[in-house]
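Listed below are the residues making up each chain.
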Protein chains: 2
Amino acid sequence: MAEPTTAPDAADTAQVRRVAEAAATASRRLALLSRAEKDAALEALADALLAATDEVVAANERDLDRGRAEGMAGSLQDRLRLDPDRVAAVAQALRDIAALPDPVGEVVRGSTLANGLQIRQVRVPMGVVGMIYEARPNVTVDAAGLGLKSGNAVVLRGGSAAAETNRALVGVLRRALEAHGLPADAVSLLEGGHGVVRALMTARGLVDLLIPRGGAELIQAVVTGSSVPVIETGVGNCHVYVDAGADLEEALAIAVNAKTHRPSVCNAAESLLVHRDVADAFLPKVLAALSAEGVLLHTDPVASASAEAAGVPHDPATEEHFATEFLGLEMAVGVVEDLDGAMSHIRRFGSGHTEAIVTEDRAAARRFVAEVDAAAVMVNASTRFTDGGEFGFGAEIGISTQKLHARGPMALPELTSTKWVVEGDGQVRV
Amino acid sequence: MAEPTTAPDAADTAQVRRVAEAAATASRRLALLSRAEKDAALEALADALLAATDEVVAANERDLDRGRAEGMAGSLQDRLRLDPDRVAAVAQALRDIAALPDPVGEVVRGSTLANGLQIRQVRVPMGVVGMIYEARPNVTVDAAGLGLKSGNAVVLRGGSAAAETNRALVGVLRRALEAHGLPADAVSLLEGGHGVVRALMTARGLVDLLIPRGGAELIQAVVTGSSVPVIETGVGNCHVYVDAGADLEEALAIAVNAKTHRPSVCNAAESLLVHRDVADAFLPKVLAALSAEGVLLHTDPVASASAEAAGVPHDPATEEHFATEFLGLEMAVGVVEDLDGAMSHIRRFGSGHTEAIVTEDRAAARRFVAEVDAAAVMVNASTRFTDGGEFGFGAEIGISTQKLHARGPMALPELTSTKWVVEGDGQVRV
């Protein structure tokens, strides 16, 4: 999906208004559902998806055919593919959401004031949550399920590559909701080009929250162009810093894991920074190990010398390399003077996602944790752990890299707002 | 301050960049201060303000002279005025902030994962908080104090009417910070016209959060035009709904208090809705009481008939009246069919600030609390209670009417974000 800069035309604006108003009406019903009602609906949606496996797989094959005809890369084809096993996994994810606690109604805090007023802050749904995302069609079902469980109606705008698949999935979900006695408009799919994205971004008062998921360009365009409140997700230029006080065996395992365990995701590491005191001992080993895993290495002058000496293929790192979220088997490698040098590099190039230090030096770890400004800061652990599933949240709608509302993995509570309820017996201000 | 639609010129953009970058540098220092250091600084700022009373009052008199020459309304002159008593009150507010708990460092939640990783979510400062506000100069000092206590650097853009006063106040605060060994750039004042506001609104990456405080037009312009994360504050088209099950004595006291206790603020009521079953019994009394307090009444046809019969002055209510935040002694009064009629009226005209029901009917109260979508919902209490001070927060930077991050009165914790800290001993993803 390219940058959605096209202005919305009247038809796009009208479509978004119609869909969002229907979603708002549905959301008022969803907000009042009990946990038992929502969980039963989630199970019904899972059953309906399984029953519709053939329909969904056929729609997905049409998307794949079109993609192949248009020269879609193999990795993208794989992300787009929904075979019967994947449909079953998507349905199971809905059952997993049903098993999670209901965030709605939780009393966050409360007290009785001196005048006898009882106040409490209660978790309530956001209302209408918009999502703009790219290829993977499982996001469609996850968003619908997380939305339903948190009492929100969702308005989805998936990538055009998955258009047929998303239409089939949302059709199944809407029919199942209706059959279950719930409003179909709890889940809606927007159709059309970038004008629709633009209309959704500016649907102020109709959409309570917009979450973009996808590449840096998409997220930047949504964040800067929206008048609707947005949560910025998932761009991760993550660093592993190997301190002078590191256990180098640990550092090797962490650097390789952070880079290669799943290079296409936002919590994969993109840069490796090494304290100069351990550069000679550490670089030959880590560069050889990364290279053996197929990682293309962009090395600064000191690291280049190490690579040269160790006979490891590499190319010279530019500033651009250090600024890039490769999302693949590439890594920028640099040597820093000290902890301050590492933190200032991270301040300059980091995207505020996840930053890791490897050290046995307690003072260095404490400074790194206190001073590095990111959604997650790791000591002696792989950056790959910044994840709703790993953190034990059971589900994740995205990883926020902004500071407002939610930061880090976002699960069900992050899809809610709060309301103050004040009960009295006639109190007035004096 | 009119709508800031002027595009920023290069000088405005450069000023905002320079000020915000200096603020960011200062904020990194502030983030690491202990509570004791921050509280001592707040006391030092209070002492400095008291010592500079003459300088501040003189600057304020220059603003007042200019205002009078330009025909400033008496009520605005009063909001702008800082006499020695008010300077003392502003200084005391800083000491009150010192006495509040420090939100920074609070562990919000945490656990030990199955693999031994220890995770905790810790409150951290936002970084650089921008504020755009209008006349009252006490906001300048409150914002600086709340910012310092929450570890944030603040970048202020006050109204032009208070330019000299704000310059004097910020000058005193900056000198006092420096004398206390802290960075002066913890508090900065932007100078210039609407282009500077525009530059601040689009200073993405330089400003972490922008809070507009002022009239509906200012807030709307900031919210829709900003690429920086914004919290929308304080537009309150608040309703009092008198249900069929109301104690009418209580209802009378609440309606009059909500309208007249302090009509110029956002939590004052603007509309009164009355269930038709109690209209005949309630309207003559409440209309007479409101009129006696000087309230100009805009009445719908049924309320008009009551006013007519009771000999109370009134004029016919239009839709525009029901949509207006009067911020003065005016009120729209309507009769509704039932609870659903009241809630649908509120859904249409409310601004999501505070909505009150007066009723002894438990079912009606429960439905109103569950279904009305607002930052605060009151049962048998005046709308005037939606306030950080009344809620026991001790201080308030504004009242959020949006659903993201904070909703209702915003105090110190709402000026913070969180960071996930993950500590391990070499864990990698498998």
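What counts and how
- Residues numbered from 1 in each chain as written.
- Chains lettered and ligands numbered in written order.
- Predicted model: local features only at pLDDT ≥ 70, side-chain atom pairs only at ≥ 80, totals over all residues.
- Heavy atoms only, no water.
- UniProt positions renumbered as here; feature names shortened; annotations may be inferred.
- Helix = DSSP H or I, 4+ residues; strand = E, 2+ residues; numbered from the N terminus.
- Expected span 1.5 Å × (residues − 1).
- Buried < 20%, exposed > 50% of the residue type's maximum accessible area, 1.4 Å probe, protein only.
- Arc of directions from axis to C-beta.
- Contact = heavy atoms within 4.5 Å.
- Buried area = accessible area lost by both parts, 1.4 Å probe.
- Salt bridge = Lys/Arg side-chain N within 4 Å of Asp/Glu carboxyl O.
- Polar contact = N/O pair within 3.5 Å; in protein donor to acceptor, adjacent residues only side chain to side chain.
- Nonpolar A, V, L, I, M, F, W, Y, C, P; charged D, E, K, R; others polar.
- Pairing = 2+ DSSP bridges.

The name recorded for chain A in an unreviewed UniProt entry is Gamma-glutamyl phosphate reductase, from Phycicoccus endophyticus. The UniProt entry for chain A carries the following comment under Sequence similarities (unreviewed entry): "Belongs to the gamma-glutamyl phosphate reductase family." If you open the UniProt record of chain A and go to Function (unreviewed entry), you find "Catalyzes the NADPH-dependent reduction of L-glutamate 5-phosphate into L-glutamate 5-semialdehyde and phosphate. The product spontaneously undergoes cyclization to form 1-pyrroline-5-carboxylate."

(A) Quick peek at unusual backbone geometry. Residues and elements named next belong to chain B. In this model, L327 sits at a positive phi of 55°, which is unusual for a non-glycine residue. Its place among the elements puts L327 in the loop between α13 (319-322) and β11 (330-336). For N380, which is not glycine, the phi dihedral falls at a positive 55°.

(B) Fine view of helix α3 (residues 53-69) of chain A. Residue and element names in this part refer to chain A. Look at α3: 24 Å from first C-alpha to last across 17 residues, which is about the 24 Å you get at 1.5 Å a residue. Here α3 has its buried residues at T53, V56, V57, A59, N60, D63, L64 and G67. Buried residues of α3, viewed axially, fall in a sector of 160°; they line one side. Away from the buried face of α3 by more than 90 degrees, exposed residues D54 and A69 are located. In this fold, the buried residues of α3 make contact with α2 (35-51), α4 (74-80), α5 (84-99) and α7 (163-179). Of the residues flanking the end of α3, it is G71, one or two places downstream, whose phi is positive at about 80°.

(C) Region of the structure containing the interface of chain A and chain B. Chain A puts 69 residues into the contact, and the matching count from chain B is 69 residues. Taken over both partners, the interface formed by chain A and chain B buries close to 5800 Å², and the fraction arising from carbon and sulfur atoms is 55%. In terms of surface lost to chain B, no three residues of chain A exceed L404(A), W420(A) and R429(A), which account for 15% of the buried area on that side. For the pair chain A and chain B, the interface holds eight salt bridges. A salt bridge links R109(B) to E414(A), with the shortest nitrogen-to-oxygen separation between them at 2.9 Å. On the surface where chain A and chain B come into contact, there are 41 residue pairs in polar contact (both at pLDDT 80 or more). Within the residue set of the side of chain A that touches chain B, elements represented by two or more residues are β2 (118-125), α9 (216-225), α10 (248-260), α15 (362-371), β13 (376-381), β15 (408-410) and β16 (416-427) of chain A. Among the residues making up the side of chain A that touches chain B, the classes are represented as 33 nonpolar, 18 polar and 18 charged.

(D) Highlighting the pairing of strand β11 (residues 330-336) of chain A. Residue and element names in this part refer to chain A. For β11, the buried fraction is high: six of the seven residues fall into the buried class. Both strand β8 (residues 269-275) and β11 contribute to a ladder of five bridges, which runs parallel. For S271, the partnering residue across the bridge sits in β11 and is A332. As defined by bridge partners, strand β9 (residues 296-299) adjoins β11 across four bridges and the pair is classed as parallel. Counted as the bridge partner of H298 is A332 from β11.

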